[in-house]
Amino acid sequence: METKKILPSFVAGFAAAVISTVPGVKNVGCCLIVPFAVFLSLFLDEKINLANPPISIKKALAFGVLTGLFAAVFSSFFDLLFTFLTKTNDYVEALPQTEALIRTYKLGSLFDQTISMLELMVKQIKATGFSLLYAFMIFFSNIIIDSIFGLVGGLLSMSYFNKRNTLNDKK
């Protein structure tokens, strides 16, 4: 892909990551912000290339995945940066509730191993502001979730733009 095609996804993915760092908005970042970022990405591509032909499924999916990947990388970076600076995050705050939930399943030794790993991540975050396992988990989950919602956003945006272009051609 050439730079003209990557730049809109890069800009929209960065914007989605920045918006998703806002407390409260972070919870709906994947399911609302990322699809809208793909819409923005396709809109910017249309404006940069000065064309409005029908958007193919291949192009919509490519923009969806790229925007989702950029959003995932940037949001993971921002999450890890804020965790490093503050030495706390939502995960650290939610561990007691997570532990109580896991206890209800009566898992025995599996529970003890899981909790010890979770507590190790919290200790590392509180001590240094960084945990390699936490970083891997955040990065991996963001890539999967944001890519999936990017694909959905690409298909929805393709449908919208193609319908709009068809209606404009009829006028």
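Residues numbered from 1 in each chain as written. Predicted model: local features only at pLDDT ≥ 70, side-chain atom pairs only at ≥ 80, totals over all residues. Heavy atoms only, no water.

## What about the nonpolar core?
Within the largest apolar cluster, 14 residues are counted, with the highest numbers of intra-cluster contacts made by Tyr91, Leu118 and Tyr134. Those elements giving two or more residues to this core turn out to be helix 4 (90–103), helix 5 (109–128) and helix 6 (132–170). For this core, the element with the most residues is helix 5, which contributes six residues. (Core = buried A, V, L, I, M, F, W, Y, C linked by side-chain atoms within 4.5 Å. Buried < 20%, exposed > 50% of the residue type's maximum accessible area, 1.4 Å probe, protein only. Helix = DSSP H or I, 4+ residues; strand = E, 2+ residues; numbered from the N terminus.)

## Re helix 5
With 20 residues, helix 5 extends 28 Å between its outermost C-alpha atoms, agreeing within 8% with the 28 Å of an ideal straight helix rising 1.5 Å per residue. Of the surrounding elements, those touching the buried residues of helix 5 are helix 3 (57–86), helix 4 and helix 6. (Expected span 1.5 Å × (residues − 1). Contact = heavy atoms within 4.5 Å.)

## A few points about the packing of aromatic side chains
Enumeration according to the criterion identifies eleven aromatic pairs in this entry. Aromatic pair Tyr91 and Tyr134: ring centres 5.6 Å apart, planes at 35°, arrangement tilted. Remark: Tyr134 occurs in helix 6 and Tyr91 occurs in helix 4; sequence separation between them is 43 residues. Note on Tyr134: relative accessible area 6%, which makes it buried. The interplanar angle of 70° and the centroid separation of 5.6 Å between the aromatic rings of Tyr160 and Phe161 together place this pair among those described as edge-to-face. (Phe/Tyr/Trp six-rings, centres within 6.5 Å; stacked < 30°, edge-to-face > 60°.)

## Quick word on the pattern of salt bridges
One pass over the structure, following the stated rule, counts two salt bridges. A salt bridge links Lys59 to Asp45; its shortest N-O distance comes to 2.6 Å. Within this pair, whereas Lys59 is found in helix 3, its partner Asp45 is found in helix 2 (residues 29–49), the two being separated by 14 residues in sequence. According to the relative accessible area criterion, Asp45 is buried, its value standing at 2%. Across the pair Glu46 and Arg164 runs a salt bridge, and its minimum N-O distance is 2.6 Å. (Salt bridge = Lys/Arg side-chain N within 4 Å of Asp/Glu carboxyl O.)

## Comments concerning the environment of Leu61
The topology assignment puts Leu61 in helix 3. The class for Leu61 is partly exposed, based on a relative accessible area of 28%. Separated by 16 residues in the primary sequence, Leu61 and Asp45 have C-alpha atoms spaced 14 Å apart. Those residues in contact with Leu61, other than ones at most four positions away along the chain, are Leu151 and Leu155.

## As for a nonpolar patch on the surface
Among the surface-exposed residues, Met117, Leu133, Phe136, Met137, Phe140, Ile144, Ile145, Ile148, Val152 and Leu156 lie close enough to one another that they form a single nonpolar patch of about 900 Å² accessible area. Tallying contributions element by element places helix 6 first for the nonpolar patch, with nine residues. Note on placement: Ile144 falls in helix 6. (Patch = residues over 30% accessible without salt bridge, like charges linked within 9 Å, V, L, I, M, F, W, Y side chains within 5 Å. Areas by Shrake-Rupley, 256 points an atom, 1.4 Å probe, with all protein chains shown as cover.)

## Some points on the packing of helix 3 against helix 6
Two numbers describe how helix 3 lies on helix 6: the axes approach to 7 Å, and their chain directions differ by 150°. What the angle tells us is that helix 3 and helix 6 run roughly antiparallel. Considering the relative orientation of helix 3 and helix 6, their crossing is right-handed. Considering only residue class, the contact of helix 3 with helix 6 consists of 17 nonpolar, nine polar and two charged. (Axes fitted to C-alpha atoms, helices over the stretch in contact; angles between N-to-C directions. Parallel < 35°, antiparallel > 145°, perpendicular 65-115°, else oblique. Left-handed = near helix turned anticlockwise from the far one by under 90°. Nonpolar A, V, L, I, M, F, W, Y, C, P; charged D, E, K, R; others polar.)

## Focus on unusual backbone geometry
Look at Lys87: it is not a glycine, yet its phi comes out positive at around 60°. The topology assignment puts Lys87 in the loop between helix 3 and helix 4.

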